[in-house]
Amino acid sequence: MVESISHSVLLSANQIEERLKELAKIISKDYSGKKDIVVLGILKGSFIFMADLVRHLDLPITCEFLRIKSYDNNRSSGVIEIESHTLSLKDKHVLVVEDIVDTALTFNTLLDYLKSKEVKSLKTCVLLVKEQAAPHKKQINYLGFTIPNDYVYGYGMDDMEENRFLPFVAKKSVNL
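The structure displayed is predicted, hence computed values, not measured ones. (Residues numbered from 1 in each chain as written. Predicted model: local features only at pLDDT ≥ 70, side-chain atom pairs only at ≥ 80, totals over all residues. Heavy atoms only, no water.)

**Q** Just checking my understanding: could you explain the environment of Y31 for this structure?
**A** Mapped onto the fold, Y31 is located in the loop between α1 (13-30) and β2 (37-43). According to the relative accessible area criterion, Y31 is buried, its value standing at 2%. Taking C-alpha positions, Y31 is 7.5 Å from L59, a pair spaced 28 residues apart along the chain. Look past the residues within four positions of Y31 in its chain and what remains in contact with it is I37, L59, H93, V94, L95, K123 and Y142. (Helix = DSSP H or I, 4+ residues; strand = E, 2+ residues; numbered from the N terminus. Buried < 20%, exposed > 50% of the residue type's maximum accessible area, 1.4 Å probe, protein only. Contact = heavy atoms within 4.5 Å.)

Printed below as a string of C-alpha cells:
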C-alpha cells in the first residue's frame, strides 16, 4: 500500500507575526521594571518562536535554552529527559518559551523541574496548545493559539527533523 502525504497551512506567517506582537506587548507590560529576567527557550522546537518573540520585547533580558526530549520519531515516548544546564535560575524571573503543549506531560514535568530551582517568578509563553491539553491552559500565562489535535510542524517544529524552516505552521494529513 502506498501512502500519499499532503500538508496544509494551519497558521500563516502573518497570523503568527500578529499574535507575537500582541504577546510581546503584554509580556513587556507585565515585566516592566523587573530585573533579572531570563527568557528560557525549550529546544529544539521553540527556537524560531523565541527569536521572533524576544525581538519584539521591550525589556532587558537574557536568553537561555534547555533541551527536553520526550519524542521518539514523531510519537511521544512517555519518558521525559531534561538535559542539565549550568545557568543558575535562583531568584530570577523566568519566562519559559515553549512551542507546543501536546499532552502536557512534558510541560508539567518541566514546570516542576523549574520550580525546584528557587526562581523568583515563573511564567510560560506557549505558541500552540492542542485541544486535548486544554485543561492545562491555566498553567499557560501567554498563549498564541489553541489548535486541533493534529500533528503539526513548521515554524521551528519538526516533522522527523525536517521542515523546521517553514515560516508557517502546517498540519500533516495522511491519505491511504
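And the narrative resumes.
**Q** Would you explain the nonpolar core in this entry?
**A** When a protein is soluble and globular, its nonpolar side chains tend to lie buried together. Of all hydrophobic cores here, the largest spans 29 residues; its most connected members are I27, C125 and L128. Elements with a minimum of two residues in this core: α1, β2, α2 (47-56), β5 (93-101), β6 (121-130) and β7 (142-147). The residues touching C125, leaving out its near neighbours within four places in the chain, are L23, I27, F49, L53, L95, V96, V97, E98 and Y142. Core analysis: the second largest hydrophobic core is formed by 11 residues, V38, I42, I68 and V94 among them. (Core = buried A, V, L, I, M, F, W, Y, C linked by side-chain atoms within 4.5 Å.)

**Q** Would you explain the packing of aromatic side chains in this entry?
**A** The description of an aromatic ring pair uses the distance of the two centres, along with the angle that the planes make with each other. Tallying each qualifying case throughout the model produces 0 aromatic pairs. Sitting over the ring of Y31, K34 keeps its end group 5.5 Å from the ring centre. Positioned over the ring face of Y31 is K123, at 5.7 Å from the centre of the ring. (Phe/Tyr/Trp six-rings, centres within 6.5 Å; stacked < 30°, edge-to-face > 60°. Lys NZ or Arg CZ within 6 Å of the ring centre and 35° of its normal.)

**Q** Can you walk me through helix α3 (residues 105-115) in this structure?
**A** One full turn of an α-helix is made of 3.6 residues, so residues set three or four places apart face in the same direction. Of the positions making up α3, those classed as buried are T106, F107, L110, L111 and L114. Down the axis of α3, the buried side of the element spans an arc of 130 degrees, and every buried residue falls inside it. Facing away from the buried surface of α3 by more than 90 degrees, the exposed residues are D112 and K115. (Arc of directions from axis to C-beta.)

**Q** Any chance you could explain the environment of G144 here in plain terms?
**A** As for its position among the elements, G144 is in strand β7. A sequence separation of 122 residues divides G144 from E22, and the C-alpha atoms of the two residues are 9.1 Å apart. Sequence-distant contacts of G144, that is, excluding residues within four places in its chain, are made with R19, L23, V126 and L127.

**Q** What should I look at first to understand the pattern of salt bridges in this one?
**A** Pairs can form between side chains of opposite charge whenever their charged atoms are close. Summed over the entire model, instances satisfying the criterion amount to 11 salt bridges. Of the charged contacts, one joins K21 and E18 as a salt bridge, the two residues approaching to 3.9 Å between their closest N and O atoms. Of this pair, K21 and E18 both sit in helix α1, 3 residues apart, which is roughly one turn of the helix. When its relative accessible area of 40% is taken as the criterion, K21 is described as partly exposed. Put simply, K171 and D150 hold a salt bridge, and the shortest N to O gap is 3.8 Å. (Salt bridge = Lys/Arg side-chain N within 4 Å of Asp/Glu carboxyl O.)

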